[in-house]
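Commentary on secondary and tertiary structure
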Amino acid sequence: MSAPILVAEGLTRHFGKFVALKNVSVAFEGGKLSAIIGPNGAGKSTFFNVLSGAFRPTSGRIVFDGKDITGAKQHQFARMGIAKSFQITNLFPQLSAHENVRVAAQMRYARFDILTPRASMTQLIERADALLERVGLAAARNQPARDLAHGQQRSLEIAMALACDPRLLLLDEPTAGMSPEETITMMDLIVQLAAERTVILVEHKMKLVMGICQRLIVLHHGELLAEGTPEDIRANDEVRRVYLGQGNP
Amino acid sequence: MGGFLDFVSRHRVAAVVLFLMVFPWVLPYEALAVNILLFGLYAMGLNLLFGYTGLLSFGHAAFLGAGSYGTGIVMVHYGWPWYAAILLGVALATFFGVIMGYLAIRSRGVYFSMVTLALAQCIYYIFYKAEKLTGGENGLRGVKVEPINIAGYQLDFLNPTTKYYVILAFVAAALWFVSRILGSPFGAVIETVRENERRSAACGYDVARTKLLAFVLSAMICGLAGSLRALHLSIVPIDALHYLTSGQAVMMCLLGGMGTFFGPFVGAAAFLLIEDLVTNVTRYWQFVVGVVFIIFVLFFPRGIWGSLLHWSRR
C-alpha cells in the first residue's frame, strides 16, 4: 500500500444542531481513484466540501501529504495542489471557455502581477488550448461559458480543475445532469486522469463507479458505513441494505 | 464599424490620447475639455473597481478629494512645487484607499457600498472640520501654480491650452497604467472575482487581497484626478468630497458603459456636455441628466460605449 496523500481524522461538521458529518476517518492512498458514495442525505457533499476546504470541520483534522491543513483557506487548498470541480456548475459565465481555463492555469505563475501583458504569457494560452482539446471543447474556445450546453460546462469544470496541474483532484458528481452518452465520455476521461494523479470523486449512482474505482467509501447518515475495494463493498450486507432499502441501487 | 472598433480597442491608449489631443478644438471652450478629462479619469478609476472587479463604491469622492486636498494643502501652506504636490496628493488618496479598502472588503454587495459611503462621509467631516488647513466650508483657496521652465520652454498654467496639455500628459500616463493593469494577469483575476468569487478562490486566488489591491489602485487613479483638478481650479471646493461627487462617478460609469475601457470617458463627456448645454436653457439640468440616466439604466444597461461595442460585434 502506498502512503496516503489525504487523511481525514475524525471529521465532524455541524450545521446548527444538525450533524451532517459524524467522526469520519478515511485515508486516501496516493495515485488511486477513490469514490465517496452513499444515498441522498448521506453527507457526501458535506464530506467533499470539508475535504476540499470550502467548509471548516467542526472537529477533526485533515492531513495532506503529511501536513495538517485543517482550517486553511479555500485558496490555500488550491495552492497546495488540491483542485476541485463543483456539483452545481460554477464557472466565470461572461468569460470565454478559453479564458476560464487560462485564468485557472495562471494561478501558479501570476496572481498579483499588474504589469506583464497576458498576451506575452504564451505557455498559459497554449496550455489552456491543450486542455480544451483534451476535454473536447476546442471548437467552443471563444464562446462565453454561459452559452455552453450543460455537458460542455461540466467538461469545462474538469478542464479548469486540471489547469493548475493538481496533485489531488476532487470531483463532486461530475456526471450530474449529463446524458448517458456524455456520462460514458466523462467516465472515460476520469479513468484517464486517474492514471496520472490521485482522484477522489463523489457519486450518487453506485453502478457508475463500481467498475472503475479502486477504493470505495460509503457514507450513511453522516457516518462511515463501509470502506474497501468494490468487491468488498458489493459483498457488504449493510451497504446492500442501505441501498436496497432506498430502492435504487 | 466592427473592424474599426476592434482596431481602436487594440490600440486603445494611443486612440484615446490622440482623440483627447484634438478634443479641446471641437468643444466650445477649454475648461469643459479639462473637466471631461479630469472626470473621465476619475470615473475610470472607479470603473477599475466597479466595472472590472464588480464592487460598487459610493465613496470614491474621498479619493478625488484626498488627491485635491493633499496637493492643495502642501502648495498653499508649505509652498511645495506643483509636481511634488501631485505626488503627495496621490499618496494621500492611496493611503485612504488602503484604510477604506481594508475595512470595506469585509462586507459584500449593498453592505460594501454602504460601508464605503459611510467611511467617505467620515473623511468629508475630517476635512470639513480641519478649517485651518482646508478652509472648511469655503474650500481651500490659492492653489497657485507657478510657471516652470522645461528646457527653455515656459509652462504657464494661466494659458488654458498649456494647462490642458500638461494635464493631458498626466492623464495619458494614467490611461497607459490602467490599460497595463487590465491587460495583466491581475486584470484577469479581478474579472474572475466579479464573475464568481467562490470559483476564483477555488482556483487558488486570494479574493480578499485581490479586492484590496483593486481598491487601492482605483483610489490611486481617482487621487490623481483629484490632484490635477486642484491645479486646474486653483481652489479645492469642499464639494470634492461630497457624496454627490461619488454618485457622479457611478453615473458616468453606467452612462458610458461599465467594464469597458472607454466607457468612463464617454460617460463623463456625455454627463458634462448635457450639464453644459442644458444649463444654458434651464437651471434644472439635473432633471435632464436624471431622465437620461434612467433611460440608459432601463433600456441600455451596457451604456453608450458598451452598447456600441455590443451592436458592432453582433
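Overview of the structure. Everything numeric here is computed off the predicted structure, so don't read it as measured data. (Residues numbered from 1 in each chain as written. Chains lettered and ligands numbered in written order. Predicted model: local features only at pLDDT ≥ 70, side-chain atom pairs only at ≥ 80, totals over all residues.)

In this section: the overall build of chain B. For chain B, the count of helices and strands is 15 helices and four strands. Its C-alpha atoms give chain B a radius of gyration of 19 Å, near enough to 20 Å, the size a compact globule of 314 residues would have. Taking the principal axes of the C-alpha coordinates as reference, chain B spans close to 50 × 45 × 45 Å. Here chain B, with 314 residues, has 52% of them falling under the buried criterion. Expressed as a percentage of contacts within chain B between residues at least 6 apart in sequence, the contacts between residues at least 24 apart total 74%. (Helix = DSSP H or I, 4+ residues; strand = E, 2+ residues; numbered from the N terminus. Rg over C-alpha atoms; globule rule 2.2 N^0.38 Å. Buried ≥ 20, exposed ≤ 12 C-beta atoms within 10 Å, placed from the backbone. Contact = placed C-beta atoms within 7 Å.)

Below, the discussion takes up the nonpolar core. Grouped burial of nonpolar side chains is what soluble globular proteins tend to show. Formed by 181 residues in total, the largest nonpolar core has its most connected members in A:Val101, A:Ala159, A:Ala163, B:Leu37, B:Tyr42, B:Ala62 and B:Ile221. A total of 15 residues in this core trace back to one element, the largest contributor, which is helix H3 (residues 30–52) of chain B. Excluding residues within four positions of it along the chain, A:Ala163 makes contact with A:Val101, A:Ala104, A:Ala105, A:Ala128 and A:Leu131. (Core = buried A, V, L, I, M, F, W, Y, C linked by C-beta atoms within 7 Å.)

Turning our eyes to something else, we now look at the sheet that holds strand E10 (residues 223–228) of chain A. Residue and element names in this part refer to chain A. Read across the sheet, six strands follow the order E6-E7-E8-E3-E9-E10 without closing on themselves; strand pairing throughout is mixed. Of all the strands in the sheet, just strand E6 (82–85) and E10 have a single pairing partner and so form its edges. Across this sheet, the average inter-strand angle for adjacent strands is 15°, counted without regard to direction. Direction of pairing for E6 relative to strand E7 (residues 168–172): parallel, over a ladder of four bridges. When the sheet's bridge partners are listed, Lys-84 is paired in E7 with Leu-170. In the packing of helix H1 (residues 44–51) onto the sheet, the strands contacted are strand E3 (33–37), E7, strand E8 (198–203) and strand E9 (215–220), and the crossing angle to E7 comes to about 150°. The strands touched by helix H6 (residues 180–194) within the sheet are E3, E7 and E8, with E8 carrying the most contacts at an inclination of about 150°. (Pairing = 2+ DSSP bridges. Axes fitted to C-alpha atoms, helices over the stretch in contact; angles between N-to-C directions.)

Let us look at the interface of chain A and chain B. How large an interface is tends to be reported as the accessible area lost when its parts come together. Taken residue by residue, the interface counts 26 residues in chain A and 21 residues in chain B. Elements with a minimum of two residues in the side of chain A that touches chain B: helix H2 (74–80) and helix H3 (97–106) of chain A. Per element, the largest residue contribution to the side of chain A that touches chain B is four residues, and it comes from H2(A). Broken down by class, the residue content of the side of chain A that touches chain B amounts to 15 nonpolar, six polar and five charged. (Nonpolar A, V, L, I, M, F, W, Y, C, P; charged D, E, K, R; others polar.)

On to the environment of B:Gly79. Summarising the element assignment, B:Gly79 is placed in the loop between helix H4 (61–78) and helix H5 (82–104). C-alpha of B:Gly79 to C-alpha of B:Lys144: the two residues are 65 residues apart in sequence and 9.5 Å apart in space.

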